[in-house]
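Here is how the chains run, residue by residue.
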Amino acid sequence: MGPHPAVAAIRLAVRRVLHDLLTEHHRGPAAVPHASPPEHPPSSRPLVLVACSGGADSMALASALAFESPKLGVRAGGVTVDHGLQPGSDARAAEVVQRLRELGLDPVDSVAVTVGRAGGPEAAARDARYAALDTAAERHGAAAVLLGHTRDDQAETVLLGLARGSGIRSLSGMAAVSGAGGRYRRPFLELDRQTARKACMVQSLPVWDDPHNADPAYTRSRLRHEGLPALEKALGKGVVEALARTARLSRDDADALDSWAGQAEATVRDDAGLLECAKLYALPPAVRRRILRRAAIAAGAPAGSLFARHIEEVDRLITGWRGQGAINLPGKVVAQRQGGRLVIRQG
């Protein structure tokens, strides 16, 4: 008798990601399902870390990684991040470390971080967490870090992007592969949250439910417990799946437009490297605005603070030129039109 369907599903998702990683590292067994581990010493095998909070999603991910990694000759470790936002967070982090070690993961780290205030509490915690994960991955020389985001998380991310009105890239949600060199992998984007929780239950894995996930002070929490249920009540079941599908389709479109913009940018600059307004005007708006955004970021505007409304204002220097003055952008960057050229620079 095989494993419970939920357990089988999470293991299959992780197995696929590990095969992809091995393929990328030119390791022969990657192309053969259920291949025997390669005959190499453990130190030469790729290390994959799982980011684990102790919640159901990441504990299910850790258990699947612990099960699948020895079969493929992959070393498996874990890291938990202590945000220090709740009393006793250090003790909970120590418990997670112990659980990961009991699963057979090694190395296992607990990293304490200081959460700032930039961008709000959720964004600040996320920035601190990814910085800690980057550091841990680099310290251990990890080939990848697995994240437990599910299809439900993807649906929430799409709705948050829709509410911000920040364009198709925001609607594309979270990528299955992201980060420098494809460091971050999300095996569970096609699985729902209940599958991960069920997998933990049938394996008797203890999980911790973060009270912040139910705190209405947080936007994502309100969306999870109020917004999505209301949408399902009004539109019927299948909203989460539809939103996740929207993310996949939007990502394909956004990637294509980004590629087009990257190729077109060289054709709209003069010999001095300045953007020519007439040539920019001739481009489709979606391509032109991507070029403008890239130029603003290159000039020093922080990507996370550069919103659609900023780019729209700069775009009016191209499409609605009436002699208006310079546009101030985040990061003390200024965009202005001069002699048929668009100049974007530090103010």
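Of the regular secondary structure elements, the protein holds 12 helices and 10 strands. A principal-axis box enclosing the C-alpha atoms of the protein has dimensions of 75 × 50 × 40 Å. For the protein, buried positions account for 47% of its 347 residues. Considering only contacts in the protein between residues 6 or more positions apart, those separated by 24 or more positions represent 66%. Accessible area of the protein: about 17400 Å², with a carbon and sulfur share of 54%. Counting 45 positive and 37 negative side-chain charges, the protein places the averaged centre of each group 3 Å from the other.

Let us look at the pattern of salt bridges. Within this structure, the stated rule accounts for 28 salt bridges. With its nearest N and O atoms 2.9 Å apart, the salt bridge here joins Arg169 to Asp255. Here Arg169 is found in helix 6 (residues 168–171), whereas its partner Asp255 is found in helix 9 (residues 239–265), with 86 residues between them in sequence. The partly exposed category is assigned to Asp255, whose relative accessible area is 40%. Of the charged contacts, one joins Arg294 and Glu265 as a salt bridge, the two residues approaching to 3.1 Å between their closest N and O atoms. A residue pair is termed long-range when its members are at least 10 positions apart, and Arg294 in helix 11 (residues 285–298) and Glu265 in helix 9 qualify at 29 residues. Classification of Glu265 as buried rests on a relative accessible area of 14%.

Within the secondary structure, Ser69 sits in helix 2 (residues 56–72). Among the residues examined, Ser69 registers a relative accessible area of 4% and is labelled buried. Apart from the residues within four sequence positions on either side, Ser69 is in contact with Leu18, Val74 and Ala76.

Pairing is antiparallel across the open sheet formed by 4 strands, whose spatial order is 7-10-9-8. Strands at the two margins of the open sheet, each flanked by one partner only, are strand 7 (275–276) and strand 8 (327–329). In this structure, strand 8 lies alongside strand 9 (residues 333–338), joined through 3 bridges in antiparallel fashion. Paired with Leu329 across the strands is Val333, a residue of strand 9. Set on the sheet, helix 11 makes contact with strand 7, strand 8, strand 9 and strand 10 (341–346); between it and strand 10 the angle comes to about 35°.

The subject of this paragraph is the packing of helix 5 (residues 151–164) against helix 9. At a minimum axis separation of 8 Å, helix 5 and helix 9 run at an interaxial angle of 70°. On the basis of their axis angle, the class for helix 5 and helix 9 is roughly perpendicular. Every pair of crossing elements has a handedness; the one defined by helix 5 and helix 9 is left-handed. Judged by residue contacts, Arg151, Asp152, Gln154, Ala155, Val158 and Leu159 of helix 5 engage Val240, Glu241, Leu243, Ala244 and Ala247 from helix 9. Among the residues making up the contact of helix 5 with helix 9, the classes are represented as 7 nonpolar, 1 polar and 3 charged.

It is worth spelling out helix 1 (residues 5–24) at this point. A rise of 1.5 Å per residue sets the reference length of helix 1, with its 20 residues, at 28 Å; its end C-alpha atoms lie 29 Å apart and thus fit the reference within 8%. Buried residues belonging to helix 1 abut strand 1 (47–51), helix 2, strand 4 (144–146), strand 6 (184–185) and helix 7 (193–202).

Another point: the nonpolar core. Core analysis: the biggest nonpolar cluster contains 36 residues, and Val14, Leu18, Leu65, Leu105 and Phe188 have the highest contact counts within it. Among the elements of the structure, helix 1, strand 1, helix 2, helix 3 (89–102), strand 4 and helix 7 are those that each provide at least two residues to this core. Residue contacts for Val14: discarding those within four places in its chain leaves Leu61, Ala64, Leu65, Glu68, Leu146, Pro187 and Phe188. Formed by 25 residues, the second largest nonpolar core is a distinct cluster that contains Ala295, Ala301, Leu329 and Ala335.

Each value, and the rule that gives it
Residues numbered from 1 in each chain as written. Predicted model: local features only at pLDDT ≥ 70, side-chain atom pairs only at ≥ 80, totals over all residues. Heavy atoms only, no water. Helix = DSSP H or I, 4+ residues; strand = E, 2+ residues; numbered from the N terminus. Buried < 20%, exposed > 50% of the residue type's maximum accessible area, 1.4 Å probe, protein only. Contact = heavy atoms within 4.5 Å. Areas by Shrake-Rupley, 256 points an atom, 1.4 Å probe, with all protein chains shown as cover. Lys, Arg positive; Asp, Glu negative; His and termini not counted. Charge placed at Lys NZ, Arg CZ, Asp CG, Glu CD. Salt bridge = Lys/Arg side-chain N within 4 Å of Asp/Glu carboxyl O. Pairing = 2+ DSSP bridges. Axes fitted to C-alpha atoms, helices over the stretch in contact; angles between N-to-C directions. Parallel < 35°, antiparallel > 145°, perpendicular 65-115°, else oblique. Left-handed = near helix turned anticlockwise from the far one by under 90°. Nonpolar A, V, L, I, M, F, W, Y, C, P; charged D, E, K, R; others polar. Expected span 1.5 Å × (residues − 1). Core = buried A, V, L, I, M, F, W, Y, C linked by side-chain atoms within 4.5 Å.

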